[in-house]
Amino acid sequence: MKITIDGPVASGKTAVGRALARRIAARFLDTGTMYRAATWAALQRNLDFSNADSLAKLVQSLSIEVILEDGEHVLKVNGADITDFLRDPDVEANVSQLSQVRQVRHELVNQQRTIADNGNIVVAGRDIGTVVIPDANLKIYLDASIDIRARRRHDEMRRKGNIANLGKLIEDIKTRDTMDSKRDESPLVAASDALIINTDRLRIDQIVTRIMQSMEQK
Ligand code: DC
């Protein structure tokens, strides 16, 4: 059983995917962590994010390991655990640009397919239902308004002790939405056979219940 969950920044994909995977005893893969790990490695090497070739070469030469444990992810780059750096502001600011590069996507998509081939899994990302696993058993596309997504991200950051400016978060999310959905290579778009769920007024457990209902109807 393979279930895909796509959607824009802060749409709730990760929380929903993790909760759903727990409910159905499947593994959970959040593919955004892989693009983030590659971005971290490019920052370490001071690469120019407008140079697609150097980003592609880097990703082809890296060993990115994703270790999945009960919904949590440990990311290793060339053997070093870099999980704590995945949400660094620098990573956040550059990941959309790296993820536009065709050869970078090609490399990471291959790795994602290999991980997904090994049994039951819920996979979250932007292009999972359209490109990575087009023959998935169930495809979900989560959506929510910008204001709600920014507020959720704001609350999440506050829980971690970080103060964020809501207006700036809204602007950042808009910028990343535009980059993710306007890129030439596998843009963010709902698969034609995806179940689209607007999560503005739903809690995570309600979204999971809705997904479980549509699994039963299949
Ligand atoms: O889901 P996230 O915010 O952690 O993803 C970080 C970035 O990675 C996102 O801005 C676009 C990119 N990404 C992608 O292009 N394709 C995916 N399947 C997952 C993430």
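Cut-offs and rules
- Residues numbered from 1 in each chain as written.
- Predicted model: local features only at pLDDT ≥ 70, side-chain atom pairs only at ≥ 80, totals over all residues.
- Heavy atoms only, no water.
- Buried < 20%, exposed > 50% of the residue type's maximum accessible area, 1.4 Å probe, protein only.
- Helix = DSSP H or I, 4+ residues; strand = E, 2+ residues; numbered from the N terminus.
- Contact = heavy atoms within 4.5 Å.
- Near = heavy atom within 4 Å.
- Polar contact = N/O pair within 3.5 Å; in protein donor to acceptor, adjacent residues only side chain to side chain.
- Areas by Shrake-Rupley, 256 points an atom, 1.4 Å probe, with all protein chains shown as cover.
- 1 Å grid on protein atoms, 1.4 Å probe; cavity = no way out; pocket = protein on both sides within 12 Å on 5 of 7 lines; lining within 4 Å.
- Sits in = over half its atoms within 2 Å of the grid points.
- Points joined across faces, edges and corners; volume = space filled by probe spheres on them.
- Nonpolar A, V, L, I, M, F, W, Y, C, P; charged D, E, K, R; others polar.
- Pairing = 2+ DSSP bridges.
- Expected span 1.5 Å × (residues − 1).
- pLDDT = per-residue confidence, 0-100.

S.K.: Mind showing me how you'd approach helix H4 (residues 89-98) here?
M.R.: For H4, the complete set of buried residues consists of Val 91, Glu 92, Asn 94, Val 95, Ser 96 and Leu 98. Buried residues in H4 make contact with helix H2 (32-44), helix H3 (52-61), helix H5 (102-116), helix H7 (146-159) and helix H8 (166-182).

S.K.: What is the right way to read the site of the ligand from this model?
M.R.: Around the ligand sit 16 residues in total, of which Arg 36, Arg 105, Arg 126, Asp 127 and Arg 183 are the nearest. Arg 126 is positioned with one of its side-chain polar atoms (N or O) 2.9 Å from an oxygen atom of the ligand. When the free accessible area of the ligand is taken as 440 Å², the share hidden by the protein chains comes to 98%. Under a 2 Å grid-point criterion requiring more than half of the atoms, the pocket assigned to the ligand is the largest pocket.

S.K.: It is not clear to me how the layout of surface pockets should be interpreted in this structure. Could you clarify?
M.R.: Any space left empty among the atoms is revealed by the rolling of a water-sized probe across them. Here the largest pocket is characterised by a volume of approximately 1100 Å³. Listed by contribution, the elements that provide at least two residues to the lining of the largest pocket are helix H1 (13-23), strand S2 (27-30), H2, strand S4 (72-77), H4, H7, H8 and helix H9 (204-217). Among the residues forming the lining of the largest pocket, the class breakdown is 11 nonpolar, 13 polar and 20 charged. Of the voids in this model, the second largest pocket is the one considered here, and its volume is about 590 Å³. Considering the residues around the second largest pocket, the lining is formed by 23 residues, among which Pro 89, Glu 92, Met 157, Leu 169 and Asp 172 are closest to the centre. Broken down by element, the lining of the second largest pocket gets its largest block of residues, seven residues, from H8. Its residues assigned to classes, the lining of the second largest pocket shows eight nonpolar, six polar and nine charged.

S.K.: Looking at this structure, I do not really get the pairing of S4. What am I missing?
M.R.: Both faces of the sheet carry side chains from a regular strand, because those side chains alternate between them. Residues of S4 alternate between two faces, with His 73, Leu 75 and Val 77 buried on one and Glu 72, Val 74 and Lys 76 left unburied on the opposite face. As paired strands, strand S3 (residues 64-69) and S4 are joined by six bridges and run antiparallel to one another. Note that in S4 the partner of Glu 69 across the bridge is Glu 72. Where S3 hands over to S4, the hairpin turn is made up of two residues, of which Asp 70 adopts a positive phi near 45°. Here S4 runs beside strand S5 (residues 80-81); their pairing, made up of two bridges, is antiparallel. Its bridge partner lying in S5, Val 77 is registered against Ala 80. Linking S4 to S5, which pair antiparallel, is a turn of two residues; within it Asn 78 sits at a positive phi near 45°.

S.K.: Explanation requested: the sheet that holds S5 in the structure shown.
M.R.: The pairing of strands in a sheet comes from backbone hydrogen bonds and takes either a parallel or an antiparallel form. With antiparallel pairing, three strands are arranged side by side in an open sheet as S3-S4-S5. Each edge of the sheet is formed by a strand with only one pairing partner; in this case those strands are S3 and S5.

S.K.: Would you take a moment to explain the environment of Asp 200 for this structure?
M.R.: Among the structural elements, Asp 200 can be located in the loop between strand S8 (195-198) and H9. Filtering out sequence-adjacent residues up to four positions away, Asp 200 remains in contact with Asp 143, Ala 144, Ser 145, Ile 148 and Arg 152.

S.K.: Quick question: what am I supposed to make of H2 here?
M.R.: Residue pairs spaced three or four apart in an α-helix point in one direction, given the helix's 3.6 residues per turn. Over its 13 residues, H2 runs 18 Å from end to end, which matches the ideal 18 Å to within 8%, given 1.5 Å per residue. Of all 13 residues that make up H2, 10 are buried, and the element is covered over most of its length. Within the span of H2, buried status applies to Thr 33, Met 34, Tyr 35, Arg 36, Ala 37, Ala 38, Thr 39, Trp 40, Ala 41 and Ala 42. Immediately beyond the C-terminal end of H2, within one or two residues, lies Asn 46, with a positive phi of roughly 55°.

S.K.: Explanation requested: the confidence of the model for the protein in the structure shown.
M.R.: Close inspection of predicted coordinates is inappropriate for parts of the model with low pLDDT. Per-residue confidence for the protein gives a mean pLDDT of 94; residues scoring 70 or more make up 100%. Least confident of the elements in the protein is H8, whose mean pLDDT is 91; most confident is H2, at 98.

S.K.: Just checking my understanding: could you explain the side chain of Ser 214 for this structure?
M.R.: Relative to the elements of secondary structure, Ser 214 occurs in helix H9. The residues touching Ser 214, leaving out its near neighbours within four places in the chain, are Leu 138 and Leu 195.

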